[in-house]
Amino acid sequence: QVQLVESGGGLVQAGASLRLSCATSGLTFSRSAMAWFRQAPGKEREFVAEITYTIYTYYSDSVKGRFTISRDNRKNTVYLQMNNLKPDDTAVYYCAAETDLPGLRHVIAEPYDYWGQGTQVTVSS
């Protein structure tokens, strides 16, 4: 059984930093592409960042230069370092795993096979 468990969310002020973690189990993690998506109230789920199994990274324009995605294959965990947070970053953040074509860029939700339950990030102004 595949499980993805996010942690690290919270309430911070604008300009602060947070690091999200997504611990996985039951997954061939080293052969999976991992990504972060987010969903704000009343909005659709949107792509944030992806790291392929070959360690290529992709970011949405809204977070590029502020967020960094990384992975630790020994711990089966993916991270999202978020710096200079803005109120517009407020959302539930989800991690996701893609196992069919893990070397490709996937910026929409549909290709991802497994999802976590989400962690809330709230940025106050």
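Since the structure is predicted, the reported quantities are computational estimates derived from the model, not experimental observations.

1. Re the overall build of the protein
- Summing up its helical and strand segments, the protein has 0 helices and 11 strands in all.
- Along its sequence from the N terminus, the protein presents helices and strands in the succession β-β-β-β-β-β-β-β-β-β-β.
- Against the globule reference of 14 Å for 125 residues, the protein gives a C-alpha radius of gyration of 13 Å, in line with a compact fold.
- By principal-axis analysis of the C-alpha atoms, the protein measures approximately 40 × 25 × 25 Å.
- The 125 residues of the protein split such that 42% are buried.
- Across the protein, contacts joining residues at least 24 apart in sequence account for 58% of those joining residues at least 6 apart.
- Here the protein has roughly 6,400 Å² of accessible surface; of this, 47% comes from carbon and sulfur atoms.

2. Structural notes on the packing of aromatic side chains
- Under the counting rule described, the total for this entry stands at 4 aromatic pairs.
- Following the ring pairs from residue to residue traces out a cluster consisting of Phe-37, Phe-47, Tyr-112 and Trp-115.
- Sitting over the face of the ring of Phe-29, Arg-71 holds its NZ or CZ atom 4.5 Å from the ring centroid.

3. Details of the sheet that holds strand β3 (residues 18-25)
- Spatially, β1-β3-β8-β7 is the arrangement adopted by the 4 strands of the open sheet, whose pairing is antiparallel. Each having just a single partner strand, β1 (3-7) and β7 (67-72) make up the two edges of the open sheet. In this sheet, adjacent strand axes meet at a mean angle of 15 degrees when their direction is disregarded.

4. So, the side chain of Asp-72
- Turning to its location among the elements, Asp-72 is positioned in strand β7.
- Residue classification places Asp-72 among the buried positions, given a relative accessible area of 11%.
- A polar atom in the side chain of Asp-72 sits 2.9 Å from the backbone nitrogen of Arg-74.
- Apart from the residues within four sequence positions on either side, Asp-72 is in contact with Phe-29, Thr-77 and Tyr-79.

5. Quick look at the nonpolar core
- Residues Trp-36, Val-78, Leu-80, Met-82 and Tyr-93 are the most contacted members of the largest nonpolar core, which totals 26 residues.
- Secondary-structure elements contributing two or more residues to this core are β3, β4 (33-39), β5 (46-51), β7, β8 (77-82), β9 (91-98) and β11 (119-124).
- The element contributing the most residues to this core is β9, with 4 residues.
- Counting residues in hydrophobic clusters, the runner-up holds 5 residues, among them Ala-35, Phe-37, Ala-96 and Tyr-112.

6. Describing the pattern of salt bridges
- Applying the stated criterion across every chain, the model contains 5 salt bridges.
- As a salt-bridge pair, Asp-89 and Arg-66 come within 2.8 Å of each other at their nearest N and O atoms. Of this pair, Asp-89 sits in the loop between β8 and β9 while Arg-66 sits in the loop between β6 (57-59) and β7, placing them 23 residues apart in sequence. Assigned by exposure class, Asp-89 and Arg-66 land together as buried.
- What you see here is one network of salt bridges that share partners, running through Arg-38, Glu-46, Arg-66 and Asp-89.

Conventions used here
- Residues numbered from 1 in each chain as written.
- Predicted model: local features only at pLDDT ≥ 70, side-chain atom pairs only at ≥ 80, totals over all residues.
- Heavy atoms only, no water.
- Helix = DSSP H or I, 4+ residues; strand = E, 2+ residues; numbered from the N terminus.
- Rg over C-alpha atoms; globule rule 2.2 N^0.38 Å.
- Buried < 20%, exposed > 50% of the residue type's maximum accessible area, 1.4 Å probe, protein only.
- Contact = heavy atoms within 4.5 Å.
- Areas by Shrake-Rupley, 256 points an atom, 1.4 Å probe, with all protein chains shown as cover.
- Phe/Tyr/Trp six-rings, centres within 6.5 Å; stacked < 30°, edge-to-face > 60°.
- Lys NZ or Arg CZ within 6 Å of the ring centre and 35° of its normal.
- Pairing = 2+ DSSP bridges.
- Axes fitted to C-alpha atoms, helices over the stretch in contact; angles between N-to-C directions.
- Polar contact = N/O pair within 3.5 Å; in protein donor to acceptor, adjacent residues only side chain to side chain.
- Core = buried A, V, L, I, M, F, W, Y, C linked by side-chain atoms within 4.5 Å.
- Salt bridge = Lys/Arg side-chain N within 4 Å of Asp/Glu carboxyl O.

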